[in-house]
Structures are given as C-alpha cells and as structure tokens.
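Fold and geometry: a report
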Amino acid sequence: MRISVIGCGYVGLVTGTCLAEAGHEVVCTDNDPERIATLKAGVVPIYEQHLDAMLTENHRSGRLSFTSDAGAAVRGGEAIFICVGTPPLENGEADLSAIDNVARLIATEASESKLVVEKSTVPAQTGQQLKRVLEVYRRNGGAEFRVASNPEFLREGTAVEDFLHPDRIVFGVEDEQSERQLREIYRPILERRFRCSVHLTGCPTTKPPTLVVTTISSAELIKHASNSFLAMKISYANMIADVCEKVGGDIKEVTRALGLDPRIGPRFLDAGLGFGGFCLPKDVQAFIRLAERSGVDFSMLKEAERVNKHRIDLFLEKIRQALWVVKDKKVGVLGLAFKANTDDIRFAPSLEILRRLLAEGAQIRAYDQEAMDRTSNVFPQIHCCREPYDVAREADALLILTEWEEFRLLDWERIHGLMARPLVIDGRNLLNPEAMMERGFEYYCFGRPTQTATPQFMAAQVSKFSEASARI
Ligand code: UGA
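What counts and what doesn't
Residues numbered from 1 in each chain as written. Predicted model: local features only at pLDDT ≥ 70, side-chain atom pairs only at ≥ 80, totals over all residues. Heavy atoms only, no water. Near = heavy atom within 4 Å. Polar contact = N/O pair within 3.5 Å; in protein donor to acceptor, adjacent residues only side chain to side chain. Areas by Shrake-Rupley, 256 points an atom, 1.4 Å probe, with all protein chains shown as cover. Helix = DSSP H or I, 4+ residues; strand = E, 2+ residues; numbered from the N terminus. Nonpolar A, V, L, I, M, F, W, Y, C, P; charged D, E, K, R; others polar. Axes fitted to C-alpha atoms, helices over the stretch in contact; angles between N-to-C directions. Parallel < 35°, antiparallel > 145°, perpendicular 65-115°, else oblique. Contact = heavy atoms within 4.5 Å. Buried < 20%, exposed > 50% of the residue type's maximum accessible area, 1.4 Å probe, protein only. Salt bridge = Lys/Arg side-chain N within 4 Å of Asp/Glu carboxyl O.

1. Let's talk about the site of the ligand
What surrounds the ligand is a group of 22 residues, the closest being Glu 152, Leu 154, Glu 156, Lys 223 and Asn 227. One nitrogen or oxygen atom from the main chain of Glu 156 is found 2.6 Å from an oxygen atom belonging to the ligand. At 2.8 Å, a side-chain N or O of Lys 339 approaches an oxygen atom of the ligand. Relative to its unbound accessible surface of 720 Å², the ligand loses 93% to contact with the protein. Elements with a minimum of two residues in the shell around the ligand: α9 (216–247) and α11 (280–293). The class makeup of the residues in the shell around the ligand is 10 nonpolar, 3 polar and 9 charged.

Encoded structure:
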C-alpha cells in the first residue's frame with residue numbers, strides 16, 4: 001500500500017521505517033526541511049536501536065523515501081499517518097495545533113479519498129474534531145476522508161522491536177473500509193510474515209499480537225490510560241520504597257514478590273528517581289486535564305504526578321545529607337538520558353538535578369554514552385567526560401541518574417581509587433548495596449538498607465587519610 005507519514009520525529013520515523021520494512025511503499029514528510037535533507041543524506045537524527053540500519057536498507061531499496069513537499073506526500077498516499085508532536089501547553093493540556101495544521105493540509109491537498117490515521121498521542125475526542133476539520137476545509141468534493149485512531153505503544157530504546165513485534169495493536173475505527181485497510185497495512189505484522197533486514201533480539205513476545213478493534217474515542221483513551229497506569233505503578237513502587245526506608249524493608253525484595261502475582265506483574269515497579277521522558281509526564285498531565293474538563297476529578301493521577309516530582313527533592317536531600325555543603329564539591333554524574341538506551345533528555349530527572357546542583361555551586365562532570373551533546377547544549381557549564389572513569393576522578397560524590405547497563409559493569413574498585421571521597425548516590429537502584437559497601441563505598445539509594453560505616457569503609461578512609469598526610 002502507498003502510505004504517507006507526516007512528521008519525522010521519533011514516532012514518525014519508526015512508523016515509516018517499520019511500515020516500509022513490512023513491505024509498504026512509504027513517503028515521510030516533515031515541515032523541517034533540514035531534517036528531511038539529513039534523512040535524504042542517510043543520517044538518522046535520533047539514536048534508536050536498529051533504526052539506522054533498517055532505515056538505510058529501506059531507503060536504499062526505494063520502499064522508503066523522504067520529501068519536504070507535504071502536499072505531494074498527501075496526494076500520493078492511500079493512507080496518511082499523522083505522527084506530529086502534541087507537546088504540553090502551559091496548563092498541561094496537549095497542544096493540538098500541529099494536528100489541526102496537518103488536517104487542513106490534507107483537506108486542501110487531497111484530490112482522492114484517504115484513510116487518515118491518528119498515530120500521535122491525543123486526548124479523547126480529537127478524532128471527532130479531526131473529522132470536522134477535514135470536512136470543513138475539504139477542497140475537492142470527490143475526496144472522502146475516513147478517520148481512524150491507531151495509538152502507538154513504542155518505548156524509546158526498543159521502538160523498532162515494539163513496532164514489529166507488538167503485544168497488541170489497536171484500531172479505533174468507525175467504518176468497515178477503514179478497518180479493512182488497517183488490517184491490510186498491519187497484515188505482515190499481525191501474521192508475523194515479513195523479512196526483517198536487521199536481527200531483532202529480545203523480542204517481547206513470540207506470540208502474534210492481539211488485535212483490538214474499538215471506537216475512535218476508546219482507542220484514544222487506551223493510549224492515555226496505558227501511560228497513566230504505568231506512571232501510577234512507578235509512583236506506587238516509589239512510595240513503597242519510602243516506607244521501606246523508614247521501616248527497614250528492601251524495595252527490591254518487596255516488588256519482586258509483588259510482581260510474581262500475575263494480576264500485578266513484575267514490570268514498572270523499579271523505584272528511584274521516577275518517570276521522565278516526553279511521554280509519561282505529559283500524557284499524565286493531559287489525562288488529568290481531560291478528566292477535569294469532563295467533570296471527573298482524577299485525583300489519583302494528580303497524586304502520582306506529585307509523588308513523581310517529589311522524587312527529585314528526596315534525591316537532592318540524600319545528596320545534601322551525605323555531602324553536608326554542596327558548594328564547591330566535585331560531583332560526578334553517570335547518566336543523563338531520561339532512561340537507558342536512548343539519547344533523549346526531554347523531561348529527564350537529570351535536568352532538574354543538574355539545574356539545582358549548579359545553582360547550589362557544585363562543580364559537575366558528567367558522562368552518558370548517548371545524551372552528552374544534548375545536555376551540554378542546555379548546560380554548557382558542566383564538564384562532559386569521554387569515559388565514565390574521568391567523571392570519578394577526585395570526585396566528592398558520584399550520582400547515578402540513568403540505568404545504563406554499562407554503569408553496572410564498571411570497574412568499581414578502580415572508581416573507588418579515583419574518588420576523593422568514595423560516595424555513590426544511586427538514583428536508579430542500579431547497583432548492589434552490599435557489594436558497594438564491601439568495596440568500601442558509602443552508598444545511598446532508594447528503599448534499600450544502606451549503611452555507611454562498615455569496618456572496610458572506615459579502614460579505607462583511614463588509609464586514604466594517611467596517604468594524603470604523608471604527601472603533605
Ligand atoms: C512510554 C510507554 O512505556 C510506551 O508504551 C509509550 O508508547 C510511550 O511512552 C509513548 O507514549 O510514546 P517511554 O517514554 O519510551 O515509553 O519510556 P518508558 O520505558 O515508559 O519509561 C518512562 C520513564 O519511567 C523513564 O524515565 C524510566 O526510567 C521510568 N521508569 C520506568 C521507572 O522509574 N521505573 C520503572 O519501573 C520503569
């Protein structure tokens with residue numbers, strides 16, 4: 001099928017590339033001509049596992065192309081996927097102006113009937129507004145527009161896997177032809193029959209996906225309800241972690257047993273700095289506003305958001321308690337991205353932590369394998385290091401802000417020797433507290449027993465002190 005994708009951001013690029021991989025002829029367009037030029041030159045502007053190789057392969061074969069002529073893209077596609085951004089407005093509601101612009105573009109450019117698919121995350125009722133705009137601005141009387149909602153559940157870092165091996169696919173449709181067309185588009189993925197140009201590992205499920213066909217409004221709600229539920233689950237785990245700290249429990253032990261109940265499930269129970277990124281925080285806010293507008297007080301969700309924001313305060317308090325005075329302390333930061341396996345720092349907890357530590361006068365050295373360039377654009381005053389060990393050199397404290405597997409595998413003995421004070425504050429509960437304390441670290445995390453003054457720790461401090469005195 002000839003498919004047009006409007007918006008070459010994260011969702012649009014993954015959608016376009018994967019639909020081409022599934023055998024369709026896909027044209028992607030964006031209102032940023034520079035982005036299109038970059039893509040035409042074969043450069044992928046975001047870091048996402050497998051995307052680079054798959055995009056290059058499909059671009060080379062001609063199944064995937066890019067154009068800055070949005071009108072031509074609209075005219076050429078039988079189905080048009082809207083993948084533009086819906087960022088938060090000041091009041092937390094989703095800004096739907098890009099959707100409105102695209103709807104008017106489709107209405108004025110299309111000379112034939114089109115299936116218009118809402119892929120961007122939008123509040124319930126957007127589909128109905130979309131239909132209205134398409135109808136009101138329609139230029140060509142012969143063009144009939146069918147609207148469908150097809151929410152995405154991609155996670156950054158595993159987006160290509162998630163698209164091609166999803167656990168569920170949702171079609172929000174209101175007519176048979178739209179459903180038929182969407183089934184045709186997704187047939188290779190639903191039947192698991194396509195040749196994959198890259199080797200996908202860690203496929204989340206080997207079963208074919210479940211197809212859920214609903215109304216447009218339900219499909220829109222499914223997306224917001226899913227992200228909001230995940231956010232609540234994380235905040236719930238974080239509250240249990242706080243209780244663990246007070247009564248001497250271990251959050252890892254508690255959530256492990258909790259997650260073994262199939263009604264609860266083990267995922268999204270990792271306590272720490274809380275949820276960031278461009279999806280969960282904004283979708284929770286947008287869902288709260290939608291509920292408010294509809295006269296529903298979704299206070300549970302407001303509480304999940306409040307708990308999440310408070311994680312940063314708690315983390316900074318741990319830093320202050322350990323360091324006493326933050327001013328002029330050398331603080332090493334491991335991890336800047338909002339989560340592992342991405343270069344995305346949008347709404348990352350690291351940003352607020354850096355901002356506040358800098359305001360308090362800390363000297364910051366940071367390392368992240370993917371997100372350093374983006375962060376130094378925001379904070380030119382931090383020193384970005386080429387390798388994690390440089391961050392530790394002469395540091396008074398080392399903070400872990402992203403759960404990159406690389407950090408777990410570091411040579412922590414070496415790091416111990418490099419630091420001025422072997423103090424680690426782990427915002428992601430990534431490391432094993434016992435192992436860290438055995439190595440002589442002063443170690444703090446969330447919801448797990450930590451002790452600072454083990455005999456090994458004291459001995460290490462004394463020997464460091466003697467060495468320093470000998471040098472003087
Ligand atoms: C999220 C959803 O998981 C996807 O299903 C959805 O499609 C996507 O938003 C979207 O709306 O586009 P993503 O933003 O990539 O995906 O990130 P998540 O994997 O959900 O992680 C969000 C945040 O929660 C991260 O900061 C992560 O570190 C944090 N998190 C996650 C925890 O603090 N604890 C956990 O147990 C899990």
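2. Considerations on the packing of helix α6 (residues 126–136) against α9
Two quantities define a packed helix pair, namely the angle between the axes and the distance from one axis to the other. Where α6 contacts α9, the axes come no closer than 8 Å and their chain directions differ by 130°. The angle between α6 and α9 falls in the class oblique. Between α6 and α9, the contacting residues are Thr 126, Gly 127, Gln 128 and Lys 131 on the first element and Ile 216, Ser 217 and Glu 220 on the second. Taken together, the residues that form the contact of α6 with α9 break down as 1 nonpolar, 4 polar and 2 charged.

3. Points about unusual backbone geometry
If you check the backbone angles, Asp 328 has positive phi at about 70° while not being a glycine. Here Asp 328 is to be found in the loop between α12 (299–323) and β9 (330–334). For Asp 328, a relative accessible area of 48% corresponds to the partly exposed category. A positive phi angle, close to 60°, is found at Glu 394, a residue other than glycine. The topology assignment puts Glu 394 in the loop between α15 (388–392) and β12 (397–400).

4. Quick word on the pattern of salt bridges
Tallying each qualifying case throughout the model produces 37 salt bridges. A salt bridge links Asp 100 to Arg 104, with the nearest nitrogen and oxygen atoms 3.3 Å apart. In this pair, Asp 100 and Arg 104 both sit in helix α5 (residues 97–109), 4 residues apart, roughly one turn of the helix. For Asp 100, a relative accessible area of 31% gives the class partly exposed. Between Arg 421 and Glu 442 there is a salt bridge, with the nearest N and O atoms lying 2.9 Å from each other. With Arg 421 in the loop between α17 (412–418) and β13 (423–426) and Glu 442 in strand β14 (residues 442–444), this pair connects stretches of sequence that are 21 residues apart. Classification of Arg 421 by relative accessible area gives partly exposed; the value is 24%. Each of the salt bridges in this network shares a partner with another, and the network as a whole consists of Glu 184, Arg 187, Glu 191 and Arg 193.

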